[in-house]
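# Remarks on the overall topology
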Amino acid sequence: AVNSSFSPGSFSTTTNFEDIVLLAKDDSRSGYVKGVDEIWLQDAAEARVIKTISNSDTVRATLKRVVSQPVVILKRGYKNSNNEFIGLPYEDGKSISEDIESVSFDIKKVGNKLTLDGGEGVYNTLYSTNTVDSITNGGTAHFSGPFVIPNGDNVDSEIKITLQPTANSQFQEMTSTVSGLLAKNKRLEITLWLTARYELVKVTVDTKEISREDEGDKGIWY
């Protein structure tokens, strides 16, 4: 509940699963909501099973990530004689991120509500980061976007990527718009290929599972 909120604000013995909604917080821009937390829930069918505990017992529940995340991958390269794009690694520990001040994500068609049955609503999210998530040995840089609720219509989202260069960079500001489905527990990888002359020449989009697992809660619940 850092970047999202619960409704209702408090639970009682009469609260049903159908009453519980997780909400993305409103942004100051009309039609926009903020990115949400990394949220896990049970599958709807499993969550609705009634378990009776008659004596000392252990109850287990499997929670699955129900949000999605776009990721921008910046690579430098060139085309060979077969019109294939070949990576051009940096040297001396440098990377393309040294030329980038920030990366912004303007995402159309994300959800604003989340229940056990999935995302609801069709809104937008604007997010900017100047933090490099990771850099490979070849100088490729990864920038993670926000976690978002999948939209209620199960349609592709449109993402406008803006690369803002550092003050002394030879880059100009670059923008690229792509489309892809932001589904639960999926990462939408957007790879931007740049030449050594600081030109954007190729964009690819791929959907992958978010495979990272977190240790669950253990112990006695009161």
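Before any of the text, the structure's been laid out above.
Reference entry: report on the structure contained in this document. (Residues numbered from 1 in each chain as written. Predicted model: local features only at pLDDT ≥ 70, side-chain atom pairs only at ≥ 80, totals over all residues. Heavy atoms only, no water.)

### Notes on the packing of aromatic side chains
For clarity, the threshold we go by: Two rings from Phe, Tyr or Trp (for Trp, the six-membered ring) form a pair when their centres are within 6.5 Å of each other. A pair whose planes differ by under 30 degrees is stacked, one over 60 is edge-to-face, and the rest are tilted. A run of DSSP states H or I qualifies as a helix once it reaches four residues; a run of E qualifies as a strand once it reaches two. Both are numbered from the N-terminal end. Burial classification: accessible surface area is computed with a 1.4 Å probe over protein chains only, and a residue below 20% of its type maximum counts as buried, one above 50% as exposed, and the rest as partly exposed.
Counted by the stated rule, this structure contains three aromatic pairs. Ring centres of Phe85 and Trp193 lie 4.7 Å apart, and the angle between their planes is 80°; this geometry places the pair in the edge-to-face category. Of this pair, Phe85 sits in strand β6 (residues 85–87) while Trp193 is found in strand β15 (residues 186–194), placing the two residues 108 residues apart along the sequence. Classification of Trp193 as buried rests on a relative accessible area of 11%. Taking the centre distance of 6.2 Å and the plane angle of 55° together, the rings of Phe105 and Tyr127 count as tilted. One end of the pair, Phe105, is in strand β7 (residues 100–110); the other, Tyr127, is in strand β10 (residues 123–129), and 22 residues separate them in sequence. What makes Tyr127 partly exposed here is its relative accessible area of 31%.

### Quick look at the side chain of Asn112
Defined as follows: Throughout, a residue-residue contact means that at least one pair of heavy atoms, one from each residue, lies within 4.5 Å.
Counting through the fold element by element, Asn112 comes out in the loop between β7 and β8 (113–115). In this structure Asn112 touches Leu22, Leu23, Ala24, Val33, Glu120, Gly121, Tyr123 and Ile149, once residues within four positions along its chain are discounted.

### Section: the layout of surface pockets
Convention followed: Buried and open spaces are told apart on a 1 Å grid over the protein atoms alone, a cavity being a set of points where a 1.4 Å probe fits but cannot get out and a pocket being an open set with protein on both sides within 12 Å along at least five of seven lines. Residues with an atom within 4 Å of a point are the lining residues. Grid points are joined across faces, edges and corners, and a volume is the space filled by probe spheres set on the points. Three residue categories are used. Nonpolar comprises Ala, Val, Leu, Ile, Met, Phe, Trp, Tyr, Cys and Pro, charged comprises Asp, Glu, Lys and Arg, and polar comprises the others, including Gly.
What the second largest pocket holds in volume is close to 200 Å³. For the second largest pocket, the lining is made up of 19 residues, of which Asp117, Gly118, Gly119, Pro150 and Lys184 are closest to its centre. Elements represented by at least two residues in the lining of the second largest pocket include exactly β8 and β9 (118–120). Within the lining of the second largest pocket, the residues separate by chemical class into nine nonpolar, seven polar and three charged.

### Regarding the sheet that holds strand β2 (residues 21–24)
Here is the rule we go by: Strand pairing is assigned whenever DSSP detects at least two bridges linking the two strands. Axes, fitted as lines to C-alpha atoms, cover a helix only where it is in contact. Angles between the N-to-C directions of the axes lie from 0 to 180 degrees.
With respect to topology, four strands assemble into an open sheet ordered β1-β2-β8-β9, the strand pairing being antiparallel. What marks the edges here is a single partner per strand, and that holds for β1 (4–7) and β9. When the angles between neighbouring strand axes are averaged without regard to direction, this sheet yields 30°. Looking at chain direction, β1 and β2 are connected through four bridges and run antiparallel. Within β2, the residue paired with Ser5 across the bridge is Leu23.

### Observations concerning the environment of Asp217
When you line up the elements, Asp217 lands in the segment after β16 (200–209). For Asp217, a relative accessible area of 64% gives the class exposed.

### Quick word on the sheet that holds strand β14 (residues 174–180)
The antiparallel open sheet is built from four strands, whose spatial order is β10-β7-β13-β14. The two strands at the open ends of the sheet, each matched to only one other strand, are β10 and β14. Strand-to-strand twist in this sheet, taken as the mean axis angle between neighbours without regard to direction, amounts to 15°. Where strand β13 (residues 157–165) meets β14, seven bridges bridge the pair, whose relative direction is antiparallel. Note that in β14 the partner of Thr162 across the bridge is Thr175.

### With respect to the pairing of β16
In this structure, β15 lies alongside β16, joined through nine bridges in antiparallel fashion. In the sheet register, Arg187 faces β16, and the bridge partner there is Lys208. The hairpin formed by β15 and β16 contains five residues between the paired strands, and Tyr198 there has a positive phi angle of roughly 65°.

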